Amino acid sequence: MDLLRSFVSETQRFVVAHRGSSGTAPENTMASFRNAIADGARMIELDVQLTASNDVIVFHDDVLGRTTNGQGQVRTQSLADLQKLDAGSWFSDQFINERIPTLAEALDFLRDKSFVNIEIKPPKESDFRLRLEKVMETVFAAKMETHTLFSSFHHRTLRELKERYPQLHTAAINVPGDKRMPSELSRETGCEGFVCSIHELTQKRVDDAHKHNLYIGVYTINRKDQFDKAYKMGVKALVTNFPANLTQWMSEQQA
Ligand code: G3P
Ligand code: MG
């Protein structure tokens, strides 16, 4: 498989599965990653958090209640306890056996299947360096660094990542309400990509990004009118909960 850098520069548009194929399976589980691959996504976006013993797990929230049968803060629980939780039946009974994956397991599964976008969730505590270090340790151990895009709302994490590993690829996610242009965030963090929500997508941002040789990713594109807007504006990374639909819409455009 091509390295991420050449894939991104040579591909006009590609589909990114948001938390896996999270419209068809519970988000950030192996089931959602399997569906995303089957649905034609070229990249899988997943979120990472740390456990009490600093293991990196694939999980979106700081707390367990929304997407598991557990309660309380993720950061205070052991990996063993977290792995006992049911991370699927909140979505549908069919997924009762889904567990919270570790980042290492997810990367192992995705190797040779797709590119990966690891979104490093902003730490509540001041230990963002530890979080970054643990994520990087896992990615390097899996030898997936050339296939991974790192993104975050926490721009300091991205800046430090780039200072330490300038060869790696990063994207800054726009913090809602932040009016700065992609080029300003790139100057601050060294990122190659700028990610915003479909509601934050403006022609001004697109023009600024393209002028400065940056690409744009947009989340979450689930409807055809959202796809049409992003497609027309030249968004490169189309982030969706329904990769099968976007793959289909892309092929209709290109036919
Ligand atoms: O990377 C885009 C998107 O995943 C950011 O928001 O909350 O879905 O992680 P969230
Ligand atoms: Mg995310």
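Here the structure is a predicted model, which is why all the values come from computation and not from measurement.

(A) Expanded view of the coordination of the magnesium ion (ligand 2). The magnesium ion (ligand 2) binds to the protein through Glu-45 (OE), Asp-47 (OD) and Glu-119 (OE); the donor distances cover 1.9 to 2.2 Å. Binding-site remark: the magnesium ion (ligand 2) is held by donors from one chain whose sequence spacing is E-x1-D-x71-E. With Asp-47 in strand β2 (residues 43-50) and Glu-119 in strand β4 (residues 115-120), this pair connects stretches of sequence that are 72 residues apart. Here Asp-47 matches Glu-119 in class, with each residue buried.

(B) Examining unusual backbone geometry more closely. A cis amide bond links Tyr-219 to the next residue, Thr-220, at an omega of -15°. Residue placement: Thr-220 occurs in the loop between β8 (215-219) and α9 (224-232). We note that Asn-54 has phi near 65°; this positive angle belongs to a residue other than glycine. Judged by relative accessible area, which is 22%, Asn-54 ranks as partly exposed.

(C) Up close: the site of ligand 1. The full set of residues close to ligand 1 is His-18, Arg-19, Glu-45, Asp-47, His-60, Glu-119, Lys-121, Phe-153, Ile-173 and Tyr-219. Within the side chain of Glu-119, an N or O atom sits 2.7 Å from an oxygen atom of ligand 1. Relative to its free-state accessible area of 290 Å², ligand 1 is covered by the protein chains to the extent of 90%. Along the lines of polarity and charge, the residues of the shell around ligand 1 split into 3 nonpolar, 2 polar and 5 charged.

(D) View of the packing of aromatic side chains. If you walk through the whole model with that rule in mind, you get 7 aromatic pairs. Centroid distance Phe-91 to Phe-95: 5.8 Å. Interplanar angle 70°. Geometry classified as edge-to-face. Taking relative accessible area as the criterion, Phe-91 reaches 29% and is therefore assigned partly exposed. For the pair Phe-227 and Tyr-231, a centre-to-centre distance of 5.4 Å together with 45° between the ring planes defines the contact as tilted. Here Phe-227 pairs with Tyr-231, and both are found in helix α9, just 4 residues apart, close to one helical turn. Since its relative accessible area comes to 12%, Tyr-231 is described here as buried.

(E) Representation of the side chain of Thr-148. With respect to the helices and strands, Thr-148 occurs in strand β5 (residues 148-152). Of note is the side chain of Thr-148, whose polar atom sits 2.7 Å from the backbone oxygen of Met-144. When residues no more than four places from it in sequence are discounted, the contact partners of Thr-148 are Leu-4, Val-116, Ile-118, Val-139 and His-169.

(F) Molecular detail of the pattern of salt bridges. Going through the model one piece at a time under the given rule, you end up with 17 salt bridges. A salt bridge links Asp-228 to Lys-224, with the shortest nitrogen-to-oxygen separation between them at 2.8 Å. Of the two residues, Asp-228 and Lys-224 are both situated in helix α9; the distance of 4 residues between them amounts to about one turn of the helix. A cluster of three or more residues bridged by salt bridges with shared partners is formed by Arg-19, Glu-27, Asp-61 and Arg-66.

The rules we used
Residues numbered from 1 in each chain as written. Chains lettered and ligands numbered in written order. Predicted model: local features only at pLDDT ≥ 70, side-chain atom pairs only at ≥ 80, totals over all residues. Heavy atoms only, no water. Donors = N, O, S within 2.8 Å, 3.2 Å for Na, K, Ca; no water. Helix = DSSP H or I, 4+ residues; strand = E, 2+ residues; numbered from the N terminus. Buried < 20%, exposed > 50% of the residue type's maximum accessible area, 1.4 Å probe, protein only. Near = heavy atom within 4 Å. Polar contact = N/O pair within 3.5 Å; in protein donor to acceptor, adjacent residues only side chain to side chain. Areas by Shrake-Rupley, 256 points an atom, 1.4 Å probe, with all protein chains shown as cover. Nonpolar A, V, L, I, M, F, W, Y, C, P; charged D, E, K, R; others polar. Phe/Tyr/Trp six-rings, centres within 6.5 Å; stacked < 30°, edge-to-face > 60°. Contact = heavy atoms within 4.5 Å. Salt bridge = Lys/Arg side-chain N within 4 Å of Asp/Glu carboxyl O.

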